[in-house]
Amino acid sequence: MVIAQLVVMSIAKQLLEEIEAFANRNPGHDESVGALVKAVRRIDTEFEGEIRTQLLEQARETFQRQVRTLENAEKTLEALEKLRENQQELVEALKRLTVRRPEGVTLH
């Protein structure tokens, strides 16, 4: 029983360390990180046994989902910026192709 409690405490401690490391690498997520830290600490102090373990596992899954969501959002923003640049280049190329030249002016 004592060994099981140590393992569960270790899970909570490890999860808190992971969350805090994420917060240090990615500032600006104070509200969501703070809420998750608060939830993990509450689970750790208010629950025991299998329920505590299950709740901590769910908290870890939630944290991992938040990290994936953030990574996907960053990739999406990068893709949108590249799309904007490509559109701008396309518009400029189309302008060059459709500009009317005075008679007698060659493309060379």
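First, a word on what this report is: a plain description of the structure on this page. Remember, predicted model here, so these are calculated numbers, not experimental data.

Rules used in this analysis
Residues numbered from 1 in each chain as written. Predicted model: local features only at pLDDT ≥ 70, side-chain atom pairs only at ≥ 80, totals over all residues. Heavy atoms only, no water. Core = buried A, V, L, I, M, F, W, Y, C linked by side-chain atoms within 4.5 Å. Buried < 20%, exposed > 50% of the residue type's maximum accessible area, 1.4 Å probe, protein only. Helix = DSSP H or I, 4+ residues; strand = E, 2+ residues; numbered from the N terminus. Contact = heavy atoms within 4.5 Å. Salt bridge = Lys/Arg side-chain N within 4 Å of Asp/Glu carboxyl O. Phe/Tyr/Trp six-rings, centres within 6.5 Å; stacked < 30°, edge-to-face > 60°.

### Concerning the nonpolar core
As a rule of thumb, soluble globular proteins bury nonpolar side chains together. Counting 16 residues, the largest nonpolar core has L15, I19, F22, V40, L56 and F63 as the members making the most contacts within it. Sorting the residues of this core by element identifies α1 (2–25), α2 (30–46) and α3 (49–98) as the ones contributing at least two each. Sort the elements by how many residues they give to this core and α1 lands first, with six residues. Contact partners of F22, with chain neighbours within four places excluded, come to H29, V33, F63, V67 and L70.

### Here's the deal with the pattern of salt bridges
Inspection of the entire model under this criterion finds six salt bridges. In this structure, the salt-bridge partner of R60 is E18, at a minimum N-O distance of 3.0 Å. Residue R60 is found in helix α3, and its partner E18 is found in helix α1; the two are separated by 42 residues along the sequence. E18 sits in the partly exposed class, given a relative accessible area of 27%. Put simply, D44 and R52 hold a salt bridge, and the shortest N to O gap is 4.0 Å. Exposure remark for D44: the relative accessible area of 22% places this residue in the partly exposed category.

### Looking at the packing of aromatic side chains
In total, this model carries one aromatic pair according to the counting rule given. Judged by centre distance (5.7 Å) and plane angle (85°), the ring pair of F22 and F63 falls under edge-to-face. A residue pair is termed long-range when its members are at least 10 positions apart, and F22 in helix α1 and F63 in helix α3 qualify at 41 residues. With relative accessibility at 8%, the residue F22 sits in the buried group. Overall, the relative accessible area of 7% leaves F63 in the buried class.

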